[in-house]
Amino acid sequence: MKNPTAKPARRKTVSNSVIGRIKVSYPRINLLLVPLDFSGKSRQALRYATPLAQKFGAKIALVHVLEQKKPGASQAGAAVVQLKVEKERAAKRLEVTAVSVPPELRGPNVVRVGNPHDEILAAADKLDVDMIVLTTKGRAGFKRFFVGGTAEQIMRHAKCPVLSVRRL
């Protein structure tokens, strides 16, 4: 039998609970950057970025970097035309790839020319991204020691968090 003079048990409200406090302290993620080289393995990063963007209500920006080749003096004009064609082709491929991202999560697509890690970091700064999601090739030994992987360089120099998805 219940005691009529007993005080009812206090219930915690959501705002006073630990869960309520954690939700308030989540970092705000508005834009994720996913660098793509159009390989199947690089699309793994996009598969990880999509649920993250849904969870945080963020947009996903895609970036592709064309490595600039130094032409000889006689090929300079042709190289400019070729580069323009390659940029257009890469932009179209980014648009096709962006179709796999839900429309409400799509951000800008960017094509840049130059050294991949430098250009990805420059794009991240220019777009003011909150996180970079990328895949790693898993290069090892002397080659990685002397060359340094693109993902490793991005992780070392990025001003925002980097989520590295290991290629399987």
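Residues numbered from 1 in each chain as written. Predicted model: local features only at pLDDT ≥ 70, side-chain atom pairs only at ≥ 80, totals over all residues. Heavy atoms only, no water.

## A short note on the sheet that holds strand E4 (residues 131–136)
Cut-off, in case you're wondering: Strands are labelled as partners when DSSP assigns at least two bridges between them. Numbering goes from the N terminus for both helices and strands, where a helix is a DSSP run of H or I of at least four residues and a strand is a run of E of at least two. For helices, the fitted axis covers only the stretch in contact; all axes are lines through C-alpha atoms, and the angles between them, taken along N-to-C directions, range from 0 to 180 degrees. Only heavy atoms matter for contacts: two residues are in contact if any of them lie within 4.5 Å across the pair.
Pairing is parallel across the open sheet formed by five strands, whose spatial order is E3-E2-E1-E4-E5. Two strands in the sheet have a free side with no partner beyond their single neighbour: strand E3 (106–113) and strand E5 (162–166). Each strand axis lies, on average, 20° off the axis of its neighbour in the sheet, ignoring direction. Sheet topology note: the strand E2 (residues 59–66)/E3 ladder contains six bridges and is parallel. Looking at E3, one finds that Val63 is bridged to Val110. Of the strands in this sheet, strand E1 (31–35), E2, E4 and E5 touch helix H2 (residues 43–56), which is tilted by about 150° from E4. Sheet strands in contact with helix H4 (residues 116–127) are E1, E2, E3 and E4, and its direction is about 140° off that of E3.

## Considerations on unusual backbone geometry
Residues other than glycine seldom take positive phi values, yet Phe38 does so here, at roughly 70°. Relative to the helices and strands, Phe38 is located in the loop between E1 and H2. Located in the positive-phi region is Asp128, a residue other than glycine, with phi close to 55°.

## Structural notes on the confidence of the model for the protein
Cut-off, in case you're wondering: pLDDT is a per-residue confidence score from the predictor, ranging from 0 to 100.
Averaged over every residue, the pLDDT of the protein is 81; residues scoring 70 or more account for 72%. Throughout residues 11–19 the model reports pLDDT below 50, and contacts reaching past four residues in sequence, or to other chains, amount to three contacts.

## Focus on a positive patch on the surface
The test is simple: Surface patches are defined over residues having more than 30% relative accessible area and no salt bridge, joining like charges when they lie within 9 Å and nonpolar side chains (Val, Leu, Ile, Met, Phe, Trp, Tyr) when within 5 Å. With residues, only the protein chains shown are counted as cover, and all accessible areas are computed by Shrake-Rupley using a 1.4 Å probe. Salt-bridge detection follows one rule: a side-chain nitrogen of Lys or Arg within 4 Å of a carboxyl oxygen of Asp or Glu. When charges are counted, Lys and Arg contribute as positive and Asp and Glu as negative, whereas His and the chain ends are disregarded. All charge positions are set by atom: Lys at NZ, Arg at CZ, Asp at CG, Glu at CD. Any residue under 20% of the maximum accessible area for its type is buried, any over 50% is exposed, and the rest in between are partly exposed; the area is computed with a 1.4 Å probe on protein chains only.
Side chains of Lys41, Arg43, Arg47 and Arg93 sit close together on the surface and give a patch of like positive charge. Residue placement: Arg43 occurs in helix H2. Accessibility expressed as a relative area gives 31% for Arg43, which makes it partly exposed.

## Some details on H4
Stated precisely, the cut-off is as follows: Take the residue count of a helix, subtract one, and multiply by 1.5 Å to get its expected span.
The end-to-end C-alpha distance of H4 is 16 Å, a good match for the 16 Å that twelve residues give at a rise of 1.5 Å each. Taken together, the buried residues of H4 touch E1, E2, E3, E4 and helix H6 (150–157). Once H4 ends, the next one or two residues include Asp128, with phi positive near 55°.

## What about H2?
Look at H2: 20 Å from first C-alpha to last across 14 residues, which is about the 20 Å you get at 1.5 Å a residue. Looking one or two residues beyond H2, the residue adopting positive phi is Gly57, at roughly 70°.

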